[in-house]
Amino acid sequence: MNRFKTSKFKNTTPKIAKKDGWINNVQGGSFSCQGNHIKASSKFVAFNTDQAGGGMLGLSSVKPGSDGQWTVTQISCHSDLVTDMDFSPFDESLLATCSGDETVKLWSLCDPELQQPSAPQLTLRPGQGRLELVLFHPTSSGLLAVGATKSPMIWDTGRLDTPLAVLEQHGDQLQSLSWKQDGSLLASSCKDKMLRVFDPRAQLTPVQSAKSLQNNKDSRILWAKEDFLLTTGFDMMRTREVRLWDSRKLSSSVSSASLSTSSGMVIPLFDDDTGLLVLAGMGDTVFDCFEVSASEPFLSQVSHCLADTSTRGVAMVPKLALDVMSCEVMRVLQLTDSCIVPISYQVPRKHTGQEFHEDLYPDTVGTTPAMCAEEWWKGGNQQVEKVSLDKQLKPKAPPAKQMSAKKELASGGSKEDPPRGCSTSSSPLSTPSSSADPSRSPSSTSGLSSGFLPSLSATQSAKAIQSMLGPTSKFRHIQGTMMHRDTHITNLRGLNLTTPGESDGFCVNRQRVAVPLAISGGQIGIFERSQPGRIPDTALPTIQNSVNVVDLSWDPFDTHRLAVACDDAKIRVWKVPEGGLKETLTEPEVILRGHTEKIYSMKFHPLASGLLVSSSYDLTVKLWNLETGEHVKVLTGHQDQVFGMAWSPNGKLLATVCKDGKVRIYDPRKSTAPVQEGPGPEGHRGARAVWVCDGKYLLVSGFDSRSERVLYLYSADSLSSGVIASTSVSVSPSTLIPFYDPDTSVVILTAKGDTRVHIYEIVPEAPYFMECSSFNSPEPHKGLAFLPKTECNVRDVEIAIGLLLTKTTIEPVAFKVPRVKKEFFQDDVYTETAVCWEPALTASAWLSGSNGQHKKINLKPKDMTPVSEAPKEAPVRKYLPSSVYLEEKTDEQKKEELLSAMVAKLGNRDDPLPQESFEGVDEDEWDD
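Note that the structure is a prediction, hence the values are computed from the model and not measured. (Residues numbered from 1 in each chain as written. Predicted model: local features only at pLDDT ≥ 70, side-chain atom pairs only at ≥ 80, totals over all residues. Heavy atoms only, no water.)

**Describing the sheet that holds strand β35 (residues 507–508)**
Backbone-to-backbone hydrogen bonds pair the strands of a sheet. The strands run either parallel or antiparallel.
Phase 1 of the analysis: Taken in spatial order, the 4 strands of this open sheet run β35-β36-β37-β39, and their pairing is antiparallel. Edge positions in the sheet fall to β35 and β39 (542–544), since each has one partner strand and no second.
Phase 2 of the analysis: As paired elements, strand β36 (residues 512–516) and strand β37 (residues 523–528) share 5 bridges and run antiparallel to each other. By the bridge assignment for β37, Ala514 is matched with Ile526. (Pairing = 2+ DSSP bridges. Helix = DSSP H or I, 4+ residues; strand = E, 2+ residues; numbered from the N terminus.)

Okay, here's the thing in structure tokens:
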């Protein structure tokens, strides 16, 4: 009789969870990449979101909390799209991610209710371009397979500099990777229609390969029973199919099944214990289940079901997290646009819920690695010890930290526990096999090895990791959010999108926006911020300059005065009437004449009214007094084009960065020659400068010799000493334009034609640059300009408001710091801010030697209490529901639980105060 006719899994039934069992508040993204959009461990679920251009992951737990609800949080992982992710088979909290930013990062996750790590435990930089795939080894700790566009690599996480092996380059896009269950072989599928099987320890070329796939569209590969491989993809008629292959003979498949004609890829999920294979189609609602055998008929369909919503991704929950008492043999998590839907595959049995059906659950692989990376690389073939699921039902002993706490309690001592929900091992990468025996470390290098901080205590490891990672910014989770469409100005037409690189492209103030138009006569459109919405198709009044506009800037102390630099070496100063333009302006208020060649850029003085500085092709920088209409100073010393200028915060000094490779600082009232000079960026594409950290440092955005965009930091007191710190940003031809917020020391940078906005906190000591989450706009923008701090909504913890210029719109973007207790004024974020819209002195007073400074105001609304004065609340600790224990408990067990509860409550008194960790803000204030 045929085995499949009597299979115990033939009646396996899929059960889609009811809506109250869904994980909601999910913002699933739809991205083009080869990897997984969702993965699960026994404890966590990680998934792609549409936040931060895909560089941010969503995170939740597999099981709901004690209130029956799931907490969904986010973790900022990469500066580009997260293309794949995988949980370690030996640590339910260890997540590996790879990205279009060309890095692989390993994260040690905490419970979703807690603050997630702001930095990875380690970062790999393969240097092979965009990375598409990442996969933990099934038997060895600290071993990863990483897929670049065409090259699979094998990495020991303890050797961060070079991979163990770079396998033969594929002929086209690498589409999927899969380790054999025993860890000996690695299989790949590729857009060149080839299937390849590698033995990485023996040779870099495939041991088996064949051009077997019929279609090059979206293939996936998985190891199945014994030596068999499963692939999903499309046949020549573009029908979706699944095929079974003998890995020793890839020229032809041993079995196949057609699925449907939908265009989305098919994602396979295979359980080796039961032989069940679930196939889910991306973009549709179909779920097919097959049983796979190593003999005829090989593939036998078990079930077919339709979900309620379209699939964005699917993941399989590990066997150890299944409800075995309900005869659940497989659980799939379906990622949709707004939720995660569990689908449980159960075998109908009598006495379900009353007894363990041993025949459904053979021993499954455990969570202790068989060996370390070095042992595997040297030829080891040990296998992971298997465990019985029946034993998982027995009540567990109290956690070690509680046991030790009880001893402390008995002896009158105390012990400070690590945060609940976070890894308490010596390293989130450590494993029993690697930490128990230091000699098994796969690398002799210090620091993180093979995954790991071998032979270090928990405290030593934590300190070593913190020392390696350095401090983190409290603004690291800053979020950029497009404001409501009602605030947008739309239907812009005929914009001049080719202004010189030295110009910001457009300018804004609290009341209005000025945008150059691609219309003859150097015309400028003026748009009132108080009148958002669609601009009518009829002709609008403009400012006519007669010649092309090269730069423009609003007077910081007069929202009606606009300075415009033109091709004819003149600066025209215009007065916009109250309420905006009602008719076209053709006569400027003042024309400044003095330059002999075209002007590059202009900057108003930050403190003195009516004072303007300009740079020109005549290699001079002129200082203008608008009260008299004359230039009062001519600064010299530049040997080439002036890329950018910046006034110091106190208004005494002017910095310039020049194409001649020099950065200069002038004191215009004392000398027309620079008072300091130092080496500038090596690249000559362009540069910008801004003063940071109360004027102690000068930040320059420029290019290195390889045309990579770099941020350089100089000491304002010693330019000649050169750069004291730098950080590479990205590769792009456009110059990054910096906006600096002196209240938070956050710098926001983007360039014309970019989609990403980079954010850093600048600190006056090492590491100087602390990277924060970036913001991605839906389409390339033409400029980003910022409004005064008073435009921020402090109730929503906004620290900056920018206006984003696109081809047809002006869209406000709010940059917010995520906090939980928004009912309190976040006084650690909002220091007193300068009244930068009022002058501190006149131009003539400044020129005569006087100095001034802006008044400052407190942004706290009268009806809000500072968060530093908020009443302290004891952390809420969650306990496992009683259902996890046996219904009948002995007196000894009850005493043990009571003592555990007492210890937990006592532990609350030892929790650190909020101000001890976040400058007046508790760790749980962050809404990660």
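**A few points about empty space enclosed by the protein**
Phase 1 of the analysis: Tallied over the full model, the rule gives 5 cavities of 30 Å³ or more.
Phase 2 of the analysis: Approximately 80 Å³ is the volume found for the second largest cavity.
Phase 3 of the analysis: Around the second largest cavity sit Ser212, Leu213, Gln214, Asn215, Ser219, Thr231, Thr232, Gly233, Phe234, Glu241, Arg243 and Trp245, which together line it.
Phase 4 of the analysis: Mapped by element, the contributors of at least two residues to the lining of the second largest cavity are β20 (228–234) and β21 (240–246).
Phase 5 of the analysis: Per-element accounting of the lining of the second largest cavity gives the leading share, 4 residues, to β20.
Phase 6 of the analysis: Taken together, the residues of the lining of the second largest cavity break down into 3 nonpolar, 7 polar and 2 charged. (1 Å grid on protein atoms, 1.4 Å probe; cavity = no way out; pocket = protein on both sides within 12 Å on 5 of 7 lines; lining within 4 Å. Points joined across faces, edges and corners; volume = space filled by probe spheres on them. Nonpolar A, V, L, I, M, F, W, Y, C, P; charged D, E, K, R; others polar.)

**Overview of unusual backbone geometry**
Phase 1 of the analysis: Put simply, Glu296 and Pro297 share a cis peptide bond, and its omega is 5°.
Phase 2 of the analysis: Residue placement: Pro297 occurs in the loop between β25 (286–292) and β26 (299–306).
Phase 3 of the analysis: The linkage connecting Ala766 with the following residue, Pro767, adopts the cis geometry, with an omega of 10°.
Phase 4 of the analysis: Structurally, Pro767 is set in the loop between β59 (756–762) and β60 (769–771).

**A short note on the pattern of salt bridges**
Phase 1 of the analysis: Summed over all chains, the structure comprises 38 salt bridges.
Phase 2 of the analysis: Across the salt bridge formed by Asp227 and Arg248, the nearest N and O atoms sit 3.5 Å from each other. With Asp227 in the loop between β19 (220–223) and β20 and Arg248 in the loop between β21 and β22 (255–258), this pair connects stretches of sequence that are 21 residues apart.
Phase 3 of the analysis: Judged by relative accessible area, which is 22%, Asp227 ranks as partly exposed.
Phase 4 of the analysis: On the basis of relative accessibility, which here comes to 52%, the residue Arg248 falls in the exposed class.
Phase 5 of the analysis: Its salt-bridge partner being Asp567, residue Lys598 comes within 3.9 Å of it at the nearest N-O pair. Taken together, the residues Lys598 in the loop between β43 (590–592) and β44 (599–604) and Asp567 in the loop between β41 (558–566) and β42 (571–575) connect sequence positions 31 residues apart.
Phase 6 of the analysis: The exposure class of Lys598 is partly exposed, given its relative accessible area of 28%.
Phase 7 of the analysis: Its relative accessible area of 32% is what places Asp567 among the partly exposed residues.
Phase 8 of the analysis: The network of salt bridges with shared partners includes Lys180, Asp227, Asp246 and Arg248. (Salt bridge = Lys/Arg side-chain N within 4 Å of Asp/Glu carboxyl O. Buried < 20%, exposed > 50% of the residue type's maximum accessible area, 1.4 Å probe, protein only.)

**Topic: the sheet that holds strand β3 (residues 44–48)**
Phase 1 of the analysis: If you walk across this open sheet you meet the 4 strands as β2-β3-β4-β5, and the pairing is antiparallel. Two strands close off the open sheet at either side, each with one partner strand: β2 (38–40) and β5 (73–76). Strand-to-strand twist of the sheet, defined as the mean angle between neighbouring strand axes without regard to direction, takes the value 25°.
Phase 2 of the analysis: As paired strands, β3 and strand β4 (residues 56–61) are joined by 5 bridges and run antiparallel to one another. (Axes fitted to C-alpha atoms, helices over the stretch in contact; angles between N-to-C directions.)

**So, the UniProt feature "repeat: WD" (unreviewed entry) in the chain**
Phase 1 of the analysis: UniProt's entry tags residues 75–109, 167–199, 592–634 and 635–667 with the feature "repeat: WD" (unreviewed entry), counted in the numbering of this structure.
Phase 2 of the analysis: End C-alpha to end C-alpha, residues 75–109 measures 9 Å, and it is 0% helix and 66% strand. (UniProt positions renumbered as here; feature names shortened; annotations may be inferred.)

**Some remarks on the environment of Arg349**
Phase 1 of the analysis: Tracing the backbone through its elements, the reader meets Arg349 in the loop between β29 (340–346) and β30 (364–365).
Phase 2 of the analysis: In sequence terms Arg349 and Asn11 are 338 residues apart; their C-alpha atoms lie 9.9 Å from each other.
Phase 3 of the analysis: Excluding residues within four positions of it along the chain, Arg349 makes contact with Lys8, Cys327, His357, Asp359 and Leu360.
Phase 4 of the analysis: Looking at Arg349, its side chain comes within polar contact range of the side chain of His357, at 3.4 Å.
Phase 5 of the analysis: Of the polar contacts made by the side chain of Arg349, one reaches the side chain of Asp359; its length is 2.7 Å. (Contact = heavy atoms within 4.5 Å. Polar contact = N/O pair within 3.5 Å; in protein donor to acceptor, adjacent residues only side chain to side chain.)

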